[in-house]
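Chain residues, written in single-letter form:
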Amino acid sequence: MAGKQFPSLAHARPASSRCLLAVGALLLLSAVYFLLLSPSPQRPFPSPLSNPSAATTSFVASLDRFLDSPHHPDASSAAPADLDAAIRREEEARLYGDPGGAWPAAPAPLRVYVYEMPRKFTYDLLRLFRDSYRQTDNLTSNGSPVHRLIEQHSIDYWLWADLIAPETQRLLKNVIRVQRQEEADIFYVPFSTTISYFLLEKQECKALYREALKWVTDQPAWKRSEGRDHIIPVHHPWSFKSVRRFVKKAVWLLPDMDSTGNWYKPGQVYLEKDVILPYVPNVDLCDYRCVSETQSKRSTLLFFRGRLKRNAGGKIRSNLVTVLKNVEGIVIEEGTAGVEGKVAAQNGMRKSLFCLNPAGDTPSSARLFDAIVSGCIPVIVSDELELPFEGILDYRKIALFVSSNDAVQPGWLVKYLRGIDTKIVKEMQSNLVKYSRHFIYSSPAQPLGPEDLTWRMIAGKLVNIKLHIQRSHRVVRESRSVCTCECRVGNITRLL
């Protein structure tokens with residue numbers, strides 16, 4: 001035994017320490033693993049606005065603050081003598097500047113050049129609205145208050161006000177304003193087309209439209225692209241109507257796409273070129289807490305409040321009234337204007353599971369977005385309807401789509417709605433809370449709000465826009481016929 005060698009205590013300690021360290025590391029990794037796999041507790045949905053206390057969602061309140069703030073034109077540079085060559089240099093620098101050869105190397109912000117138009121096309125019209133908006137007796141031919149119509153189509157204001165705000169006050173990072181035209185992906189035309197239509201005399205409005213048309217089409221960037229990379233807000237179907245045929249290659253910001261030809265001529269609008277934007281809601285947002293509190297009070301199966309007689313595709317409203325009147329659990333009311341009408345509509349929607357959204361004079365209606373922000377599941381009966389941001393949002397999660405033929409069959413719609421499982425209803429109500437943020441315009445514009453999604457949709461069209469601009473520079477004119485939207489199949493809401 002004397003010759004047997006045993007390790008000394010001094011040599012044994014390091015091995016023991018290494019063991020303990022290894023065991024400790026394994027325990028730590030196990031704890032992290034189980035923490036990651038354990039289900040996270042359910043949390044209430046966040047507010048639709050990133051910073052609710054700082055954001056303004058009222059058009060009039062935001063406009064007051066906007067017009068009362070000092071606005072100094074930024075030092076935007078004039079177009080270079082050879083704008084096309086300058087743009088090509090910028091694009092080649094981006095293309096070849098990345099060692100990896102990718103263009104762009106990472107998702108880059110959309111770069112927008114905002115025209116500094118004469119004030120008569122912008123600020124003067126906004127002041128005209130602000131100084132006269134309390135006169136609610138100036139009604140349109142169908143009885144709607146003019147200023148409310150302007151407000152629900154005020155997308156031109158919300159987009160423009162965000163673009164020209166100081167960068168330190170902006171929250172959107174996927175779109176930036178540039179001062180040099182050769183740096184721009186897109187050119188924004190900040191003409192208030194809806195205000196001018198409703199608040200100016202007919203001939204005065206047409207004259208202003210012609211002036212705006214000349215001003216825009218005289219710009220070097222317009223001449224280079226024939227307007228293909230220009231954004232024009234024409235959100236009311238009558239906006240800019242007398243001169244629209246001269247700007248049909250531009251990207252239009254629209255409420256819908258009426259394929260009947262009542263509002264837009266064949267070849268003027270199509271999804272590949274234009275962008276659908278939501279109306280500004282007329283009712284207050286019913287957030288997560290509101291939806292939770294009203295859920296047990298939603299005793300009405302189906303609710304509708306609005307004009308019962310409309311033209312064009314809206315004629316279906318009278319047919320729906322015929323088959324739905326006097327049915328238990330269904331409320332169909334003629335709409336009224338003003339504050340009282342808003343309160344009645346808002347209360348009715350918050351007491352209902354489903355809200356009927358038939359076509360109006362056009363396929364779309366502001367009522368759809370009122371229903372969404374009220375937590376009332378829309379039942380859409382409008383076969384020609386196109387929806388905002390559908391390349392990003394899945395409306396099947398928040399709305400029901402019913403063909404006109406089915407909806408007017410006696411008893412069909414009521415049976416269909418009553419047959420929907422309660423679990424599905426609750427899931428759709430939950431989705432409405434999450435989706436509502438996409439339809440609330442605000443100042444400052446919020447991430448994933450309608451302003452943000454508008455620029456995301458336009459960014460998705462950018463490569464195709466550049467394709468057509470470059471192609472137009474080299475194709476011999478009249479050398480070939482080009483397919484227009486006249487050969488595209490219109491939207492339908494039925495299975496083929």
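Residues numbered from 1 in each chain as written. Predicted model: local features only at pLDDT ≥ 70, side-chain atom pairs only at ≥ 80, totals over all residues. Heavy atoms only, no water.

A. View of the environment of Asp218. Secondary-structure assignment places Asp218 in the loop between α8 (202–217) and α9 (220–225). A polar contact is formed between the side chain of Asp218 and the side chain of Lys214, at a distance of 2.7 Å. (Helix = DSSP H or I, 4+ residues; strand = E, 2+ residues; numbered from the N terminus. Polar contact = N/O pair within 3.5 Å; in protein donor to acceptor, adjacent residues only side chain to side chain.)

B. Highlighting the pairing of strand β4 (residues 230–233). Along β4, one buried face is formed by His230 and Ile232 and the opposite face, lined by Ile231 and Pro233, is buried too. As judged from the 2 bridges shared by strand β3 (residues 186–188) and β4, these two strands associate in the parallel manner. Counted as the bridge partner of Tyr188 is Ile231 from β4. The sheet contact formed by β4 and strand β5 (residues 251–254) spans 3 bridges and is parallel. Looking across to β5, one finds that Ile231 is bridged to Val251. (Buried < 20%, exposed > 50% of the residue type's maximum accessible area, 1.4 Å probe, protein only. Pairing = 2+ DSSP bridges.)

C. Spatial organisation of the sheet that holds strand β11 (residues 400–401). Spatial ordering of the open sheet is given by β8-β7-β9-β10-β11, a layout of 5 strands whose pairing is parallel. The strands lining the two open edges of the sheet, one partner per strand, are β8 (330–334) and β11. Relative to strand β9 (residues 352–358), strand β7 (residues 300–306) runs parallel, the two sharing 3 bridges. Bridging across to β9, Thr300 finds its partner in Ser352. Where helix α11 (residues 316–324) meets the sheet, its contacts fall on β7, β8, β9 and β10 (377–381), and the angle it forms with β9 comes to roughly 140°. Against the sheet, helix α12 (residues 338–350) contacts β7 and β9, and its axis sits at roughly 160° relative to β7. (Contact = heavy atoms within 4.5 Å. Axes fitted to C-alpha atoms, helices over the stretch in contact; angles between N-to-C directions.)

D. View of the pattern of salt bridges. In this structure the tally under the stated criterion is 20 salt bridges. With its nearest N and O atoms 3.3 Å apart, the salt bridge here joins Glu226 to Lys249. Placement of the pair is Glu226 in the loop between α9 and β4 and Lys249 in the loop between β4 and β5, with a sequence separation of 23 residues. Using a relative accessible area of 25% as the deciding quantity, one classes Glu226 as partly exposed. The salt bridge involving Arg289 is made with Glu293; its shortest N-O contact spans 3.1 Å. One end of the pair is Arg289 and the other is Glu293, both in helix α10 (residues 288–294) and 4 residues apart, which spans about a single turn. A relative accessible area of 61% means that Arg289 is categorised as exposed. For Glu293, a relative accessible area of 44% translates into the label partly exposed. Beyond isolated ion pairs, a larger network of salt bridges with shared partners links Asp64, Asp68, Arg130 and Asp131. (Salt bridge = Lys/Arg side-chain N within 4 Å of Asp/Glu carboxyl O.)

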